[in-house]
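What follows is each chain in one-letter form.
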Amino acid sequence: MALRRTMRHALLSVALSATLLLSSSWISVTEAKKHKRIKAGRIHEAHEPVHIVVNKVGPFNNPTETYRYYSLPFCKSHATEDEELEHMVNEVDDDEAGGASSIEHADHRMRKEGAERHHQRLGESIMGDRRETSPYEITFGDAVDWRLLCSVTLGEEELTSFKDAIHQSFFFEMFVEDLPMWGYIGDIADEDYIIGEVEGSKTFLFSHLHFRIGINDGKIVSASVSTDSRRKVDITDVTKPTSVKFSYSVEFEEDHLPWRKRFSRYTDSGFVPRVFEIHWLSIINAFVLVLLLTAFLIVILMRVLKNDFARYMDIDEETMEEEESGWKLIHGDVFRFPVHNTLFASAIGTGTHLITATMIILILALTGFLSTTVRGSLLSGSVVTYCLTSCVSGYVSTRLYLQMNGKNWVRCALLTASLFPVPVAVVFMWVNSVALAKRSTSALPFGTLFTISCLYCLLCFPLTVFGAIAAKNYAKKDFDAPTRTTKVQREIPSEIPFYHSRFFQMCVAGFLPFSAIYIELHYIFASMWGHQIYTLFGILFFAFILIVIVTGFNTVALLYFQLAREDHRWWWPVFINGGMTGIYIYAYSFYFYFHRTGMSGILQGSFFFGYMAIVSFAIFLMLGSVAFHFSLAFVRYIYGRIKCD
């Protein structure tokens, strides 16, 4: 009865998830149509309004510590035509052409009296974007030499907020048709770069922005913003009210860059550090190194196994007991199931699920079905792909659990459904609480939280249970070990050299796979925790395949040495050895944080180390499951080729 109730609840959940899946499919189709229009590029008519969207501000060294653009007292509305004319009359050195350009297309402009929130995609909200309208009035193809945005008098509170932001190297982010633009808010003159602000230094606020927009056949293919060091306001003394005239200029230029390659310019941006110059050379060097080391291990392993097979298959039965030693001696214990089999099966299922989702995401990114240039699409695609492939974890873990003579498969399914999401939720609650306390845009809004919760409760969890039910009813439940397991467990030799110890093997196990991705890891970190836009997914896919192969071969080699010293407890060690690369990556994150970046503060530190712990845990589970599948195939092969009683 309990099983029937469980199945009824699971089927009901699956029905609900199917409803959500249909809704998600409809949304996906709608988004796909929008993406198709975006991918083709919007063709602008002459004098058509071009919208500048403001996003956020924050310290340059702390990319995650971001705040709403209007958390600083920027202009929310445009100056009226009368104010512009009055200012131009009062300006002695004002250019007459610039004034004409400012008024010529005034009838095409739309007055904006305040900032309005933009509708955002799921991935944009997760990334901390909070897009809002701006008062900049730009029309397609119309250059502007100078135009007044607004004229304000800043009091002590507003000046202090600007000054503090400038001293923390705040940058701003804007968008023109999803093309990001960055710039600094101000600058400090006569500053000591070692000890910081010194007596006599001055703080300047940039009051003028120059937009440079590249067009090709009526499409906007490039965009950048720059500040004018000649037009800046001294705000060193915050006690004295200061009048500031915010202004802007616009330049349109012909650009032969194709629409589909419009994001390629960002790897060479002056605002973004140049680090891609030796990318290919470093990857090739790492590949050659790993290839040689892996070939070296394979040659040695095959030679040793060949000798072992010849010795074990040609030995006389009378001298079997005297000559039998090494890995064949433990043929009656090598398929003895591990302790904590529920946790082990759940870890293998979750790791297989994660590696399946990762492969799908990389393939979608390479084939173009998942746009890597649309902001946030990769994150939202990852969330949806993880949910839709949840049945993999339920099926794999439950099948393995039942093959290991497990009795409570429901507990295994529940543990599988929570093994990865629960740590993610714990870390998220901490970092989101810190972000809320700091009023940062990194804190997810309620709508995004509700969407993710519904995806897990109505899609991810039911599909995991559905996969477990499918494994319970249809999967093969016999382990089919090539040798029989004895009733009495064999003792394991206690005296072993230090280089055969479990700790030494764990350290060695993660080194070779980590060396395969060390160079690529730097670029991924720079993209995740910096201002770079990662576009080399072909190399990333290559590095992912490389680390999977190296992890499998490396773990098999270490497994052979473990079996040769008559240690039959290989299940957990193999999984941990394979996942050690995740531990190495987390250790590297400390080096990257303290020696390769200027990050600081509890908010940035919480996000960096919290989410890097989740990423490292995911890699630990993925490569641990890879190591287990490789090792199980290896153990089945060698023990299936020898003669055993």
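Let us look at the structure shown here. Keep in mind that what you see is a predicted model, and the values were worked out from it rather than measured.

Our next topic: the pairing of strand β8 (residues 179–184). Looking down a regular strand, the side chains alternate between one sheet face and the other. The buried fraction of β8 amounts to five of the six residues, a majority that puts the element mostly inside the structure. Where strand β7 (residues 170–176) meets β8, six bridges bridge the pair, whose relative direction is antiparallel. Directly across from M174, in β8, lies its bridge partner M181. From the end of β7 to the start of β8, which pair antiparallel, there are two residues, and E177 there has a positive phi angle of about 50°.

Let's shift gears to unusual backbone geometry. At H47, a position not held by glycine, the phi torsion is positive, near 65°. Position of H47 among the secondary structure elements: in the loop between α1 (2–40) and β1 (49–50). The phi torsion at D178 lies on the positive side, around 70°, for a residue other than glycine. Mapped onto the secondary structure, D178 falls in the loop between β7 and β8. For D178, a relative accessible area of 12% gives the class buried.

Residues E156, E157, D234 and D237 make up a contiguous surface patch of negative charge. In this structure, D234 sits in strand β13 (residues 232–234).

Turning our eyes to something else, we now look at the sheet that holds strand β14 (residues 242–254). Taken together, the four strands give an open sheet; going across it, the order is β6-β14-β11-β12, and neighbouring strands pair in mixed fashion. If you trace the sheet from one side to the other, it starts and ends with β6 (144–154) and β12 (219–227), each paired once. Ignoring which end each strand starts from, the neighbouring axes of this sheet average 20° apart. Sheet analysis places strand β11 (residues 208–216) next to β14, joined by eight bridges and oriented parallel.

What follows is about the pattern of salt bridges. Throughout the structure, instances matching the rule amount to 13 salt bridges. A salt bridge links R131 to E124; the shortest N-O distance between them is 3.3 Å. With respect to class, R131 is no different from E124; both count as buried. Of the charged contacts in the structure, one is a salt bridge between D567 and R569, with a shortest N-O distance of 3.8 Å. Ionic contacts of the salt-bridge type, sharing partners, join the residues R502, R565, D567 and R569 into one network.

A rise of 1.5 Å per residue sets the reference length of helix α15 (residues 537–564), with its 28 residues, at 40 Å; its end C-alpha atoms lie 41 Å apart and thus fit the reference within 8%. Here α15 lies mainly inside the structure; 20 of its 28 residues are buried. Downstream of α15 by one or two residues, E566 has phi in the positive range, about 70°.

It is worth spelling out the packing of aromatic side chains at this point. In the structure shown here, the tally under the stated rule is 49 aromatic pairs. Taken together, a centroid distance of 5.1 Å and an interplanar angle of 90° make the contact between Y69 and Y70 edge-to-face. For the pair shown, Y69 and Y70 are each scored as buried. Judged by centre distance (4.5 Å) and plane angle (15°), the ring pair of Y69 and F74 falls under stacked. Residue class for Y69 comes out buried when judged on its relative accessible area of 3%. Relative accessible area serves as the criterion here: at 15%, F74 is assigned to the buried category.

What follows concerns empty space enclosed by the protein. Per the stated rule, a full pass over the model turns up three cavities of 30 Å³ or more. Each pocket or cavity is described by its volume, and for the largest cavity that value is around 160 Å³. Those elements giving two or more residues to the lining of the largest cavity turn out to be β10 (202–206), β11 and β14. For the lining of the largest cavity, the residue count by class is 15 nonpolar, five polar and no charged.

Next up on the list: the state of the cysteines. Taken as a whole, this structure holds one disulfide when the rule is applied. Put simply, C75 and C150 are joined by a disulfide, and their sulfur atoms are 1.6 Å apart. Disulfide C75 to C150: torsion about the S-S bond roughly -40°, handedness left-handed. Pair noted here: C75 is in the loop between β3 (67–68) and α2 (81–90) and C150 is in strand β6, with a separation of 75 residues, a long-range link. For the pair formed by C75 and C150, the shared burial category is buried. No disulfide involves C457; its sulfur sits 7.0 Å from that of C454, the nearest cysteine. With relative accessibility at 47%, the residue C457 sits in the partly exposed group. Unpaired in this structure, C460 has its nearest cysteine sulfur neighbour in C387, at a distance of 4.9 Å. In this structure C460 comes out as buried when scored by relative accessible area, which is 3%.

Tracing the backbone through its elements, the reader meets S625 in helix α17 (residues 602–640). For S625, a relative accessible area of 1% corresponds to the buried category. For S625, the contacting residues outside a window of four places in its chain are I348, G351, T352 and F575.

Position of P513 relative to the elements: it lies in helix α14 (residues 502–528). Taking the relative accessible area as the measure of exposure, P513 reaches 1% and is therefore buried. Every residue in contact with P513, bar those within four places of it in the chain, is listed here: I547, V550, T551, N554 and T581.

A cluster of nonpolar residues, I298, M302, I545, I549 and F553, forms a patch on the protein surface that exposes about 390 Å² of accessible area. Looking at which element gives the most residues to the nonpolar patch, the answer is α15, with three residues. Mapped onto the secondary structure, M302 falls in helix α6 (residues 279–313).

Time to look at the packing of helix α10 (residues 390–403) against helix α13 (residues 446–474). The contact between α10 and α13 brings their axes to 7 Å, and the two run at 35°. The chirality of how α10 crosses α13 is right-handed. Residues S390, C391, S393, G394, Y395, T398, R399 and L402 of α10 touch α13, and the partners they reach there are C460, L463, T464, G467, A468, A470, A471 and K472. Residues of the contact of α10 with α13, tallied by class, amount to eight nonpolar, six polar and two charged.

With that out of the way, let us pick up the packing of helix α8 (residues 341–367) against helix α11 (residues 409–419). Contact pair α8 / α11: the axes reach a minimum separation of 9 Å and the direction vectors enclose 50°. One finds that α8 runs oblique with respect to α11. α11 is crossed by α8, and the crossing has right-handed handedness. Of the residues in α11, those in contact with T342, L343, A345, S346, A347 and T350 of α8 are R411, C412, L415, T416 and L419.

Okay, the pairing of strand β9 (residues 186–189) next. Side-chain alternation along β9 places G186 and I188 on a buried face and D187 and A189 on a face that remains uncovered. In terms of strand pairing, β9 meets β10 through four bridges, oriented antiparallel. Looking at the pairing, A189 lines up with K202 of β10.

Each value, and the rule that gives it
Residues numbered from 1 in each chain as written. Predicted model: local features only at pLDDT ≥ 70, side-chain atom pairs only at ≥ 80, totals over all residues. Heavy atoms only, no water. Buried < 20%, exposed > 50% of the residue type's maximum accessible area, 1.4 Å probe, protein only. Helix = DSSP H or I, 4+ residues; strand = E, 2+ residues; numbered from the N terminus. Pairing = 2+ DSSP bridges. Patch = residues over 30% accessible without salt bridge, like charges linked within 9 Å, V, L, I, M, F, W, Y side chains within 5 Å. Areas by Shrake-Rupley, 256 points an atom, 1.4 Å probe, with all protein chains shown as cover. Salt bridge = Lys/Arg side-chain N within 4 Å of Asp/Glu carboxyl O. Lys, Arg positive; Asp, Glu negative; His and termini not counted. Charge placed at Lys NZ, Arg CZ, Asp CG, Glu CD. Axes fitted to C-alpha atoms, helices over the stretch in contact; angles between N-to-C directions. Expected span 1.5 Å × (residues − 1). Phe/Tyr/Trp six-rings, centres within 6.5 Å; stacked < 30°, edge-to-face > 60°. 1 Å grid on protein atoms, 1.4 Å probe; cavity = no way out; pocket = protein on both sides within 12 Å on 5 of 7 lines; lining within 4 Å. Points joined across faces, edges and corners; volume = space filled by probe spheres on them. Nonpolar A, V, L, I, M, F, W, Y, C, P; charged D, E, K, R; others polar. Disulfide = S-S within 2.5 Å. Contact = heavy atoms within 4.5 Å. Left-handed = near helix turned anticlockwise from the far one by under 90°. Parallel < 35°, antiparallel > 145°, perpendicular 65-115°, else oblique.

By themselves, these are just geometric observations and shouldn't be taken as functional.
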